Amino acid sequence: MESHGQLPGKDGRCWTTLRPRRGNPRGRRQITGLIAAAAVVMLAAAACGGSSSSGSSVKQGGVFRLGSNSSIDSLNPFVAFQADAYVTFEYIYPMLVQYNPQLQFVPDFARSWTQSSGGKVWTFHTQPGAKWSDGKPLTAADAAWTYSTILKYQNGATANSAGYVAHLKSATAPDATTLVLTYKRPVANVLSQMQQTPILPEHIWAKYATGNGKALTRFQNNAPIVSGGPFVLTKYTPKQIVLFKRNPTFYGTKPHIDGLGLQFFQTTDAMITALKSHQLDAVETVTPTSVTTLKAAHFVVPSSPGVVFDDFIINANPQQDASHKELMNPLVRQAFDAAIDRQAIVHTSLLGHGRAGSSIIPPATGHWSDPAIKPTPFSLTRANHLLDQAGYKMGSNGVRMANGHPMSYTVIMPADIQNTYGQRSFQTIQPDFKKIGVQLNLKVLDASAAYNAITANNYKNFELSMWDWYPLSDPDFMLSVLTCVTWNTWNDTGYCSKTYDSLYQAQSAATTPAKRQQIVNQMQQMIASQRVYLVLDYPDTIEAHSPAWTDLPLVAGISWNSMSKIPFESVHQAG
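Below is a short write-up of the structure.

Criteria and cut-off values
Residues numbered from 1 in each chain as written. Predicted model: local features only at pLDDT ≥ 70, side-chain atom pairs only at ≥ 80, totals over all residues. Heavy atoms only, no water. Helix = DSSP H or I, 4+ residues; strand = E, 2+ residues; numbered from the N terminus. Buried < 20%, exposed > 50% of the residue type's maximum accessible area, 1.4 Å probe, protein only. Contact = heavy atoms within 4.5 Å. Expected span 1.5 Å × (residues − 1). Arc of directions from axis to C-beta. Salt bridge = Lys/Arg side-chain N within 4 Å of Asp/Glu carboxyl O.

1. Some words on the environment of L181
You can see L181 is positioned in strand β10 (residues 178-183). Judged by relative accessible area, which is 0%, L181 ranks as buried. Once the C-alpha coordinates of L181 and W122 are considered, the two residues, 59 residues apart in sequence, prove to be 5.2 Å apart. Leave out the neighbours within four places in its chain, and L181 touches K120, V121, W122, F124, Y147, L168, S170, A171 and M194.

2. Re helix α3 (residues 140-152)
The end-to-end C-alpha separation of α3 is 18 Å, in line with the 18 Å expected for 13 residues at 1.5 Å each. The buried count for α3 comes to ten of 13 residues, which makes it a mostly enclosed element. Looking at α3, one finds that the buried residues are A140, D142, A143, A144, W145, T146, Y147, T149, I150 and L151. The secondary structure elements touched by the buried residues of α3 are β8 (121-126), β9 (168-175), β10, α4 (190-196), α5 (202-205) and α6 (214-218).

3. Some details on unusual backbone geometry
A cis amide bond links A223 with the next residue in sequence, P224, at an omega value of -5°. You can see P224 is positioned in the loop between α6 and β11 (231-237). The phi dihedral of S117 is positive, around 55°, even though this residue is not glycine. Structurally, S117 can be placed in the loop between β7 (110-116) and β8. Here the phi dihedral of H167 falls at roughly 70°; this positive angle occurs in a residue that is not glycine. Using a relative accessible area of 12% as the deciding quantity, one classes H167 as buried.

4. Structural notes on helix α11 (residues 380-389)
Within the sequence span of α11, burial applies to L380, A383, N384, L386 and L387. For α11, the angular spread of the buried residues around the axis is 160°, confining them to a single face. The exposed set on the far side of α11, more than 90 degrees from its buried face, consists of T381 and Q389. Against the buried residues of α11 lie α9 (330-338) and α12 (415-435). Positive phi appears at G391, one or two residues downstream of α11, with a value of about 90°.

5. Side note on the pattern of salt bridges
Enumeration over the complete set of coordinates arrives at seven salt bridges. Its salt-bridge partner being D337, residue R531 comes within 3.1 Å of it at the nearest N-O pair. Separated by 194 residues along the polypeptide, R531 in the loop between α16 (513-530) and β23 (533-539) and D337 in helix α9 bring together distant segments of the chain. Both residues of the pair, R531 and D337, count as buried. A salt bridge links D474 to R516; the nearest nitrogen and oxygen atoms lie 3.0 Å apart. Of this pair, D474 sits in the loop between β22 (464-470) and α14 (476-480) while R516 sits in helix α16; the two residues are 42 residues apart in sequence, bridging distant segments of the chain. Judged by relative accessible area, D474 falls into the buried class, the value being 10%. Linked through salt bridges whose partners overlap, the residues forming this network are D337, R342 and R531.

Quick look at the structure:
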């Protein structure tokens, strides 16, 4: 038997921004008016209603109220981009396997699994007697239907999930508790793929999986949602609030809490204020500027090296508009890289709570990060020399000219990034770019609008962007977002390389860890040398919660609400 598996996010790519970005592929809105008042009163009343269960040392009940400065863009797994959406799926849908706090794969809907035929056949034995929240049987057939549907429409309606079925040939359920996945070749990261794939109720979704499958993307999946995870999503008001109640039919460990409430805020400051005034029990992310005051107010503020990275994105589409096609010039990309003072960003934006960035696979994810890739040294002298070498002369107004137009560019930034510390990072970068004759102009949009602006006209229009990613501990997802097939689903650069795509396929099929590590390192080096992403920093994971709640583990230094249903199964009231 194979040893016993996180969720992407754009700001993608956690209960914080996707991308699952953003994230993921990330917007934020604050609850206002009567709806907000009603929601907060409802949550507060429920949170006060907990009681101790007999015979248990753990205090049962209550509603855990969590604040987010992000949002859910869609409750449809084939459409969603934001990380908050993907974490929602983690709590309402079964996954075959799950991560434990040590980032080891453990059973979830699958009780056990075996490999055969040289690693090309994986057999999963699922939970017997499981039910969906509407009382219908939850069986291996639902899992087989989910994987078969993704496989069938992977070049269309289910393209955002295509990575979960890489090299998959078929998915069958010979009986109610057996799922058989047959691959065309051995695959190195099957369990990681299974951990990312929400199993959907066939009896709800099957009627949309007809013809070209486009109806799958049009299904709104409105609340209340038929659920099979530890919680049932009972109410959702876009950009305001989402409510979950404990699922009495859940096949696994029952949560101690009665429910979970997630409230969205337009700004991080408003969210922190709500925490301080005890309108919330916890917040998913804490800005470095709030750490001292929250600790002084006796909140629990755990932190550790994070897997998130912030990036400066340069349009990588060779067919981009002629008005900024110089951005494809390697000398320009090298100059921009050298003109970014990463240590200053760590000092001013993160207040020391992080480290300078280098590779798209952060060191905190473990051994997959290539230590040979170092942060680019800050040097305005070198940046100016590179632009001089490119032949872009300084104008009388201090802005260089490239191909007959000024080197003045719009930097797209999602509002949730601006509202944390993205604004400060931009303010660190902008004056240094001015010193090399490049003008940067910030344009803040909500997360969906930001991604739409990047992908508009097949990535030909946008110039620059600043965003972030929440990679998984396995590198497959983060590497996948730069493949050609992820255009308009995850890709936020316009990058497309057949060589890179071939390497991506090879790493997932590598039969030994050493061989896969070699390919993964090669891919990291390729992206670093081509400056597809200029990785700015790796911010620490900082969260905060009331001491009235306990057993909220940081999962191996990664946000306790980001990639496993375990934390909200374990959280309970103190005392």
